[in-house]
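# Per-entry structural report
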Amino acid sequence: MRIEKCWFCSSTIYPGHGIQFVRNDAKIFHFCRSKCHKNFKMKRNPRKVKWTKAYRRLHGKDMTQDSTFEFERKRNRPERYDRNLTENTLKAIKTIDKVRSRREAKHIERRKKGKKAQEMREAVKELEQNISLVKAPSVLKEDPSLTLPKIKVKVSHAQLQLFTH
């Protein structure tokens, strides 16, 4: 039983599923669904279609350099069946999946890192600019306590250098 990869979107294709296209030069293309097959026939580049794995990797959305991906390589050489080897391989697959999921979570956290402070600064700036929409300007002149309090935003040294240059 071989699990194939879709040529267009890189998702897994289980036996009995998907479409196989053979070109005149005998190159075989596997597609997981008709959506991928149609995009291939329209000569679309998977690196430019946003929902594909190639796009996500190219634009830094998914991990590209990770040692756990080497275990997923296609091997055409058949191995002689050995019960102990199979048992150890199945155990290794589980640990590799755990390691990969942990690394993916770290990757996502690194991508989200600077977003929170930036959103906070933008929200404060928007409130300062449009405070007259929330409170009438005449009321703000009469009672200065109704103005927004100054909010301190933690900014690291590296972020300060980025904004000053």
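Check the entry above for the structure.
Residues numbered from 1 in each chain as written. Predicted model: local features only at pLDDT ≥ 70, side-chain atom pairs only at ≥ 80, totals over all residues. Heavy atoms only, no water.

### Regarding the pairing of strand 4 (residues 28–31)
What you see with strand 4 is a clean split: Phe-29 and Phe-31 sit on the buried side and Ile-28 and His-30 on the side with no burial. Here 4 bridges tie strand 3 (residues 19–22) to strand 4, and the two strands are oriented antiparallel to one another. The residue bridging Ile-19 from the neighbouring strand is Phe-31, located in strand 4. Between the antiparallel neighbours strand 3 and strand 4 lie 5 residues, among them Ala-26 with a positive phi of about 70°. (Buried < 20%, exposed > 50% of the residue type's maximum accessible area, 1.4 Å probe, protein only. Helix = DSSP H or I, 4+ residues; strand = E, 2+ residues; numbered from the N terminus. Pairing = 2+ DSSP bridges.)

### Notes on a positive patch on the surface
On the surface, Lys-94, Lys-98, Arg-102, Lys-106 and Arg-110 cluster together into a positively charged patch. Mapped onto the secondary structure, Arg-110 falls in helix 3 (residues 83–112). By relative accessible area, Arg-110 is classed as exposed at 56%. (Patch = residues over 30% accessible without salt bridge, like charges linked within 9 Å, V, L, I, M, F, W, Y side chains within 5 Å. Areas by Shrake-Rupley, 256 points an atom, 1.4 Å probe, with all protein chains shown as cover. Salt bridge = Lys/Arg side-chain N within 4 Å of Asp/Glu carboxyl O. Lys, Arg positive; Asp, Glu negative; His and termini not counted. Charge placed at Lys NZ, Arg CZ, Asp CG, Glu CD.)

### Focus on the packing of aromatic side chains
Considering all chains together, one arrives at 8 aromatic pairs under this definition. Ring centres 5.0 Å apart and planes at 45° place the aromatic pair Phe-31 and Phe-40 in the tilted group. Across the pair, Phe-40 and Phe-31 agree in class, each one buried. Chaining the aromatic ring pairs together yields one cluster made of Trp-7, Phe-21, Phe-29, Phe-31 and Phe-40. Cation over ring: Lys-27 sits above Phe-29, and NZ or CZ is 5.0 Å from the ring centre. Directly above the ring of Trp-51 sits Lys-35, whose terminal nitrogen or CZ lies 4.1 Å from the centroid. (Phe/Tyr/Trp six-rings, centres within 6.5 Å; stacked < 30°, edge-to-face > 60°. Lys NZ or Arg CZ within 6 Å of the ring centre and 35° of its normal.)

### Overview of the pattern of salt bridges
Scanning the model with the defined rule gives 2 salt bridges in all. The closest approach of N and O atoms between Arg-23 and Asp-25, which form a salt bridge, is 3.2 Å.

### Observations regarding helix 1 (residues 34–41)
When we look at burial in helix 1, the residues that qualify are Cys-36, His-37, Asn-39 and Phe-40. Angularly, the buried residues of helix 1 cover 165° about the axis, an arc narrow enough to put them on a single face. Tucked inside the fold, the buried residues of helix 1 contact strand 3 and strand 4. (Arc of directions from axis to C-beta. Contact = heavy atoms within 4.5 Å.)

### Things to note about the side chain of Thr-52
Take Thr-52: it is sitting in the loop between helix 1 and helix 2 (53–58). Here Tyr-55 takes part through its backbone nitrogen, which lies 3.3 Å from a polar atom of the side chain of Thr-52. If we skip the residues at most four places from it in the chain, Thr-52 touches Phe-8, Cys-9 and Pro-46. (Polar contact = N/O pair within 3.5 Å; in protein donor to acceptor, adjacent residues only side chain to side chain.)

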